[in-house]
Amino acid sequence: RGRAGFALTAEGQRVYDETLRLLASVRSFRDSVDDIHSRMGGQLAVAVFDKTASNPAARIGEAIAAFTAQAPDVQLQLHVGSINAIERGVIDGSYQVGIIPAHRSSQSLAYADLFGETMLLYCGAGHPLFGASS
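Residues numbered from 1 in each chain as written. Predicted model: local features only at pLDDT ≥ 70, side-chain atom pairs only at ≥ 80, totals over all residues. Heavy atoms only, no water.

### Looking at the overall build of the chain
Right, so step 1: Along the chain, the regular secondary structure elements total four helices and three strands.
Right, so step 2: When its helices and strands are written in sequence order, the chain yields α-β-α-α-β-α-β.
Right, so step 3: In terms of overall size, the chain is more extended than a compact globule, its C-alpha atoms giving a radius of gyration of 30 Å where 134 residues would be expected to give roughly 14 Å.
Right, so step 4: Principal-axis analysis of the C-alpha atoms places the extent of the chain at approximately 110 × 30 × 25 Å.
Right, so step 5: Burial analysis of the chain (134 residues in total) assigns 16% to the buried set.
Right, so step 6: Here the analysis covers contacts within the chain between residues at least 6 apart in sequence; of these, 62% occur between residues at least 24 apart.
Right, so step 7: Carbon together with sulfur atoms contributes 56% to the accessible area of the chain, which is approximately 10,900 Å² in total.
Right, so step 8: In the chain, the 11 positive side-chain charges and the 13 negative ones have mean positions that sit 10 Å from each other. (Helix = DSSP H or I, 4+ residues; strand = E, 2+ residues; numbered from the N terminus. Rg over C-alpha atoms; globule rule 2.2 N^0.38 Å. Buried < 20%, exposed > 50% of the residue type's maximum accessible area, 1.4 Å probe, protein only. Contact = heavy atoms within 4.5 Å. Areas by Shrake-Rupley, 256 points an atom, 1.4 Å probe, with all protein chains shown as cover. Lys, Arg positive; Asp, Glu negative; His and termini not counted. Charge placed at Lys NZ, Arg CZ, Asp CG, Glu CD.)

See below:
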């Protein structure tokens, strides 16, 4: 360094050039990793209560179509089971998502409402409640 300014030695120029290549490689690595995170892939195991699977209000087919369109690289595994089996499966990791009707809640799980469902109680003519008003 002198009055004319700053000058690199041959070795310094080589270190500078290699540093630029290293930084470019780091940027390329970061972009590649970001691309991996922006695409969903792998498997998703979803368990559905048997009565919910056949309920048109659940719109299971529409949900599968929408999910597949948004995450085409995810292999969806759909399972049908009882409420207790689904809760156990989500807790032990067999399923990542479970769809069950509202009932008692487990503190080990997080619940979200998906759709409403009306349940009715029926009885035959020989039952004491037959003909009773609500």
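### Some remarks on the pairing of strand β1 (residues 42-49)
Right, so step 1: Across eight bridges, the pairing between β1 and strand β2 (residues 74-81) is parallel. Across the sheet, L44 pairs through a bridge with L76, a residue of β2.
Right, so step 2: Pairing geometry for β1 and strand β3 (residues 97-99), over three bridges, is parallel. Each bridged residue has a counterpart across the sheet, and for A47 the counterpart in β3 is G98. (Pairing = 2+ DSSP bridges.)

### Section: the pattern of salt bridges
Right, so step 1: Applying the stated criterion to the full structure yields three salt bridges.
Right, so step 2: Here E18 makes a salt bridge to R21, at a shortest N to O gap of 3.7 Å. Of this pair, E18 and R21 both sit in helix α1 (residues 10-38), separated by three residues, roughly a single helical turn.
Right, so step 3: The salt bridge partner of R59 is E62, with a shortest N-O separation of 3.0 Å.
Right, so step 4: A relative accessible area of 49% places E62 in the partly exposed class. (Salt bridge = Lys/Arg side-chain N within 4 Å of Asp/Glu carboxyl O.)

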